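The lines below spell out each chain.
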Amino acid sequence: MFERRHLLGLEGLSAEEITFLLDTAESFKEVSEREIKKVPTLRGRTVVNLFYENSTRTRTSFEIAAKRLSADTINLSASSSSAQKGETLTDTARNLAAMRPDAIIVRHPSSGAPHLLARHVDCPIINGGDGAHEHPTQALLDLLTIRSHKGQIEGLTVAIVGDLLHSRVARSNLFGLRTMGARVRFVGPTTLVPSHFADLGAELVSDLHEGLRDADVIMMLRIQRERMNGRYFSSLDEYSRMYCLSGEAVAKARKDVIILHPGPMNRGVEISSTVADGPYSVIMDQVTNGVAVRMAALYVLVGRRRGIESSGEDTANEPVPLRRVAAAE
Ligand code: CP
C-alpha cells in the first residue's frame, strides 16, 4: 500500500509502505531482462526530469525507467532552463505544471526544494535528491539491493562510512533501514558525524575498524567537497589513511559482508579499487536496481493513480497483483 501523492523522503514512511515499493520494484526487474524492454503501463504519460545539480545515475535511470514504462520524458537542467535568467524554482515548476506533466522528478541543491514544489503543483513530485536532506529512491534501491543479497533487512548491522554530515543518501538510508529493523552505525570523523544523528537512531563510531566490526553491510560515502564550507579534516591524504576502505578493513566485517556505494566514487579516497571491484562489492547491482526502483516509484505515483482516477474509485487499498504488473503487459 502506498497512498501518498508524492515521494519526498523516507522519513515517516511505514515498513508496509517501504515493503510495498520494494516488492513493486522486484516485480519490474524482469522487464529490464527482456529483449524488448518496454511495457505500456505509462503510455501517453509525460515525466519531467528537472535537475538543478549534476547527476549520472539518478537522472539517467529515471529516464530509462520512464521509457521502459512507455512514458514520454523531458529533461531540463539548471543551465538549459530559465533559472539562468532569474526565474524562481516555483515559477519554473508552475510553468511546467501548466503543460500538464504527470510527474516531476526534481534534484536541487537546497534541502526542501521538492517539498516546496509539492505545495505549488498538482502532479506527483519525486525527490531526486535535495541538498543534504533526502534521496529516497537511492535509499530504496539500496534497500532492494540489501534485501536481494541478504534475504531480509531486519536484524542486519549496516555501517555507513564517510561524510555523513552532507549525505542525503545516509539520512534516507537511516530512516529506511531503522524502519525496516536494521541496526545502523554511522562511522567517520566526529566533524562529519554530528551527534544529533544519535537521536535519529544511529550508533556513532569514529574508528573505522571498530565501526566495521561484524557488519553485514558496508556503505561507503564520498567526501562532498562541493558542500563543505570549512575544514573537516586536515587533508584528504590524512582522511583516506584513516577511512579509505581497504581489504584489511573489510576483514573486520562479517565474512559474507556486502559493500555498497551510491556513487560517484572517488577511488583511493574513500574506497580502494581492489574493494570497489572485488567479490564483496554489489555496487553495479545497486545501479541496475535503480531502474526497477524508479519504475516502481513512477508506477505507484502515476500509473496506479490513473487507475484510481479513471475508475472513479479509490482502489489504493487493494493489493496490486505485483507479479502480474510487469508480466501481463
Ligand atoms: N547516487 C547518485 O545520486 O548518483 P548521481 O549523482 O550520479 O545521480
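Residues numbered from 1 in each chain as written. Predicted model: local features only at pLDDT ≥ 70, side-chain atom pairs only at ≥ 80, totals over all residues. Heavy atoms only, no water.

A. Here's a closer look at the site of the ligand. As a matter of local geometry, the ligand sits amid Ser-55, Thr-56, Arg-57, Thr-58, Arg-107, His-135, Gln-138, Pro-262 and Gly-263. Within the side chain of Arg-107, a nitrogen or oxygen atom sits 2.9 Å from an oxygen atom of the ligand. Tallied by class, residues from the shell around the ligand come to one nonpolar, six polar and two charged. (Near = heavy atom within 4 Å. Polar contact = N/O pair within 3.5 Å; in protein donor to acceptor, adjacent residues only side chain to side chain. Nonpolar A, V, L, I, M, F, W, Y, C, P; charged D, E, K, R; others polar.)

B. Region of interest: the pairing of strand 2 (residues 72-77). As judged from the six bridges shared by strand 1 (residues 46-51) and strand 2, these two strands associate in the parallel manner. Note on strand 2: the bridge partner recorded for Phe-51 is Ser-77. As a crossover connection, the stretch from strand 1 through helix 2 (residues 57-68) into strand 2 is right-handed. (Pairing = 2+ DSSP bridges. Helix = DSSP H or I, 4+ residues; strand = E, 2+ residues; numbered from the N terminus. Right-handed = clockwise from strand over helix to strand, strands pointing away.)

C. Layout of helix 8 (residues 236-243). Here helix 8 has its buried residues at Tyr-239, Ser-240 and Tyr-243. Buried residues of helix 8, seen end-on, are gathered within an arc of 95° and therefore sit on one face of the element. What points out from helix 8, more than 90 degrees from its buried face, is the exposed set Asp-237 and Arg-241. Those residues of helix 8 that are buried are in contact with strand 5 (157-161), helix 7 (208-212) and strand 8 (217-220). (Buried < 20%, exposed > 50% of the residue type's maximum accessible area, 1.4 Å probe, protein only. Arc of directions from axis to C-beta. Contact = heavy atoms within 4.5 Å.)

D. Fine view of the nonpolar core. Judged by nonpolar contacts, the single largest core of 63 residues is most densely connected at Leu-140, Ile-160, Leu-177, Phe-186 and Leu-298. Here this core takes eleven residues from helix 11 (residues 283-311), the largest share from any one element. For Leu-177, the residues in contact, after removing those within four places along its chain, are Leu-143, Ile-146, Ile-153, Val-158, Ile-160, Ala-182 and Val-184. Within the second largest apolar cluster, 27 residues are counted, among which are Leu-208, Val-250, Val-257 and Val-275. (Core = buried A, V, L, I, M, F, W, Y, C linked by side-chain atoms within 4.5 Å.)

E. The pattern of salt bridges, seen in detail. A complete count under the given rule lists 16 salt bridges for this structure. Here Glu-17 and Arg-4 are joined by a salt bridge, their closest N and O atoms 2.7 Å apart. Of this pair, Glu-17 sits in helix 1 (residues 15-28) while Arg-4 sits in the segment before helix 1, placing them 13 residues apart in sequence. Taking the relative accessible area as the measure of exposure, Glu-17 reaches 11% and is therefore buried. Between Asp-102 and Arg-45 there is a salt bridge whose closest N-O contact spans 3.2 Å. (Salt bridge = Lys/Arg side-chain N within 4 Å of Asp/Glu carboxyl O.)

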